[in-house]
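Descriptive analysis of the structure
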Amino acid sequence: MITFDEKNQVFHLKNDRYSYCFQIERGKYLLHRYFGRPLHEFRGSAERPALDRSFSPQPGAYENERTFSLDVVPQELSTNGHGDFRIPSLEVVLEDGTTVIELGYEGYEVKKGKPALEGLPALYAKDDEAETLEVTLADTKGRMKAILSYTVFAGDGVLTRSVRFVNTGKEAIRLENASSLSLDFPDHDFDRLSLYGGHAAERSLERIRLMRGVQVTGSTRGASSHQQSPFLALARPETGELSGDVYGFSFIYSGSFRMATEVEQFGTTRVVIGLNPDDFAWTLKPSESFQTPEVVLAYAHDGLNGMSQAFHKAYRNHLLRGKYQHSVRPILVNNWEATYFDFDDEKLDNLAACAADLGIELMVLDDGWFGHRSDDNSSLGDWKVNREKLKGGLEGVAESTHKRGLKFGLWFEPEMISVDSDLYRAHPDWPLHVSDYPTSFGRHQLVLDLSRKDVQDYIVKSVSDILASGAIDYVKWDFNRHLTEAFSEGRAPEHQRETKHRFILGLYSVLERITQSFPDVLFESCSGGGGRFDAAMLYYMPQTWTSDDTDAICRLSIQTGTSYAFPPITMGAHVSVTPNHQVGRMTPMQTRAFAAMMGCYGYEMDITRMSDAEKQQVKEHIALYKRLRPTIQLGTYTRLLTPFAGTKNETAWMFTSEDEKEVALFYFKALSEPATPIRRLRLAGLDPDAQYKVVEYYPAQSLAHDSDGAGSSKLVGQVFYGDELMQEGINIEKISSDFTAYLWVLEKVE
Ligand code: GLA
C-alpha cells in the first residue's frame, strides 16, 4: 500500500480507491504530486511547470534558478517566511521574536497498522488493515522536527493525516498555527461544500463555487459547534450525489477549528485544516512535542454518496468503539419534552409502564434529577439525586424501570457549573475565568476548567460514583454553552493561550477514563442537540443527539446534512408531539416516525397522553423499526434526493442491508403542489442483475390519519430487476397533503 520509489523519490500511498503521491525534491522539499483515482505508478507525466514567476522569490540557495519558488510549488507542509505567500500550516515564534524556520526532508518509516495519537481520538486499525507512513522533516538549524503521519486503510476510500512537532533545539518555540493538513490541488475547478447552522438548525449543506482568495469555515467557540461543522468537501462542478469526483475532509476534533481554502494567483487551490490559529498558541519547551489532531480525507469518483459511504464505513469500523460499535441501539423514550423539569417517581414510572407496553427498550431521565434543580438556574456540578423529586433515589427509578423490562438512562452535563451549587461554593476558582473582569454566562451557567487535573478528577469521580451502582445503562452527556474567558488560574502567562486546547485534551482524558471504566454503558453525546457532533466525540460515545429540533421536516435537512460525514447509526432521532415544540408545525405521526427512523430511534414526548389509536400506531412503528433496524443502522445509506437540491421540497433515503438482501426506501415531501408533478424515484447501488420483490409499502398519511391512496401499492408482490429499479425507477403518485412520508421495503429474490 505504501511504496517509495528511490529513483524518482516518490512516495505512493495507494489502495483500490485512490492514490496519493508526493515527492522529495532537491533532497529537501516535500512536494505534493497527486491525489485521486488509483494509478499503476506515478512517473510524473504532468511535469511540474517550471516558470519564472515575478514576485515569487527563490530560497537562498537557488538565487539563479528563477523558476523555483516555494510560492508556486505544491507542498505537504506549508510554512511562511521563505517566499510561500499562501496560507501556511505551521507558524512559529522563536525566542528572539523571529518567525522563520526551515524544514527539510530527513527520513521516513513505514509501519504496519496505525499508531495511536497520544491523548487524542483518532481512527485505529489492526496491523493487517492499514499501513502508516511517517515522514520526518527537520529544521536546518536543528530547532525542530515535524513528523507527518499518513495512514492508508486497505479497501477504504479514506486516508488520515496528522503531524507531530518536536522541539529539538535549546530554546522554547511558540506554535501559533499547528495545522494538521496542508494539501495543494493543481486547479480550482471545484465547488466548496460545508455544513452550516445554528442551535436547533444544525448542518445544512452549503455548496458554492470555490472562490479566489481565502475562504474559511471554522469555530472559535471552544466546541466543534452548531454553527459550522468540521467537514469540508471539494467537488467537481458536475459532481452529484451518485457520480463525479469529490474530496472530503473530516477533522477529528471537538474544539475550535479552521478549514481554509485558498485559490491563489495561478489558479491552484490550497487546503489547510487544523486547530483554529485565531484561538490557539502553544509554547513548546526543548524536547517537548505537540501532536495535532487527525484529518480524515476521503476521495470518491462516485459522487457525494461515494464520499459519505467512505466516511461511514471508516467511522463504523475504525472510529466507534466498545460494546455498541456493531450492535443495534435501543429504542428509547426521553422525558425532556414530556415533562421538562417537572417530574417525580410516579410520573416516570407511568412513562416507563407505557413505554414497555409500546415496545420501547430504554427510558432516559433527562435534566433536573440532581441538586435542587427545577429550572436551568442551579445545581450543575452537584451530581447528587434530588430526593424531593425522586423519593426512592436513582436506585428507585432505575429499579422500577428495570422491573418494567426497560433499560435506564441518565442525563449529565459534567463540564458545567452553576453559581448556585455546592461545587461553586467550595471551588469558586474552578470555572474558566479571568480575574479582572466578570465571567460571561450562558444559560445561567459557567464552564469548568477542564484543563485542570483536579477538575478532571472531580468529574470522573462524581460521574463514576453514580455509574458504579450498576443501575445506569445509558448516559446522555450534554454541553450547553460555549467557552468564554478561556483562561486558567495559575497557568504561566506564556501558556495561557493553550487553555482551550488543553480543555479539549482534558475532556478526552475524562471521557477515556469514564467510558473505559463502564464498558457496558451506552453513551450518547449532546451539546444543545448537535453542537458537538464530531468524529472525536464519536470515538468515546458512539451516538450523538442530532438536534434539539425534533420537527420531522426540519430533521430531514438536519439528518441529511449530518449524513455527509456521519453514518445513521451515530444519529439520535426521536418522534415528538405536534404542534412541535420548536417550530409549532403539525405533521402526521407517520411522517414523524419515518423521519426518526433514519437514526437511533426514540420518542421525546409524553407517550402516556396519546389516544389508544395513536398508541396502536406507535406500536406498529416500533415493530416496523425493530424489523428494519439492522438494515438502517448496520447497512449502507444512500441519499437519493436531498432537501438541499432541486425544489428543496423532497427527500429520499435508501438503506441497504449488509448482506444486500433488504432495501428500505423512504420518500418525504414537505409541501404538496398543484398540478402534481410526476415524480420518478430511481434507486441506486442495487445489483443490476439481481431481482427484487416489493414486499411492503406504506403510503402517505395525512394529518387526518387516512391514507391518501397513492397508487404505487400495486407494486407490492411484484418483482423487478435491479437495473430497471435504478434506470427506470418507481413512481410516486399524486400527493394531496403536506408533510407526507412513504416507505417501500424490497427484498432480493434468491
Ligand atoms: C439540551 C439538550 C436537550 C435537553 C436539555 C436539558 O438542550 O440538547 O435534549 O437534554 O439540554 O436541559
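Let me begin by describing the structure that accompanies this report. (Residues numbered from 1 in each chain as written. Predicted model: local features only at pLDDT ≥ 70, side-chain atom pairs only at ≥ 80, totals over all residues. Heavy atoms only, no water.)

A separate point is empty space enclosed by the protein. Under the defined criterion, the tally for this structure stands at four cavities of 30 Å³ or more. What lines the largest cavity is G222, Y253, G255, S256, L275, N276, D279, F280, K500, H501 and I504. No other element matches helix α7 (residues 499–517), which puts three residues into the lining of the largest cavity. Of the residues contributing to the lining of the largest cavity, the split by class is four nonpolar, five polar and two charged. In this structure, the second largest cavity encloses a volume near 50 Å³. Lining of the second largest cavity is provided by T550, D551, A552, R555, Q559, A573, H574, R592, A595 and A596. Secondary-structure elements contributing two or more residues to the lining of the second largest cavity are α9 (552–562), β29 (571–575) and α10 (589–596). Looking at the lining of the second largest cavity residue by residue, the classes come out as four nonpolar, three polar and three charged. (1 Å grid on protein atoms, 1.4 Å probe; cavity = no way out; pocket = protein on both sides within 12 Å on 5 of 7 lines; lining within 4 Å. Points joined across faces, edges and corners; volume = space filled by probe spheres on them. Helix = DSSP H or I, 4+ residues; strand = E, 2+ residues; numbered from the N terminus. Nonpolar A, V, L, I, M, F, W, Y, C, P; charged D, E, K, R; others polar.)

Among the secondary structure elements, K28 is positioned in the loop between β3 (19–25) and β4 (29–36). If sequence neighbours within four positions are ignored, K28 has contacts with E102, L103, G104, Y105 and T140. (Contact = heavy atoms within 4.5 Å.)

In this section: the site of the ligand. Contacts to the ligand come from 13 residues, most closely from D366, D367, K476, G529 and D548. A distance of 2.9 Å separates an oxygen atom of the ligand from a polar side-chain atom of R443. The contact in question runs from an oxygen atom of the ligand to an N or O atom on the side chain of K476, over 2.7 Å. Surface burial for the ligand is 96%, taken as the share of its 300 Å² of free accessible area covered by protein chains. When grouped by side-chain class, the residues that make up the shell around the ligand number four nonpolar, three polar and six charged. (Near = heavy atom within 4 Å. Polar contact = N/O pair within 3.5 Å; in protein donor to acceptor, adjacent residues only side chain to side chain. Areas by Shrake-Rupley, 256 points an atom, 1.4 Å probe, with all protein chains shown as cover.)

One open sheet holds the four strands; their spatial order is β1-β2-β3-β4, and the pairing between them is antiparallel. The sheet is open, and its two borders are formed by β1 (2–5) and β4, each paired with just one other strand. When strand polarity is set aside, the average angle formed by the axes of neighbouring strands in this sheet is 15 degrees. In terms of strand pairing, β3 meets β4 through seven bridges, oriented antiparallel. The residue bridging C21 from the neighbouring strand is Y34, located in β4. (Pairing = 2+ DSSP bridges. Axes fitted to C-alpha atoms, helices over the stretch in contact; angles between N-to-C directions.)

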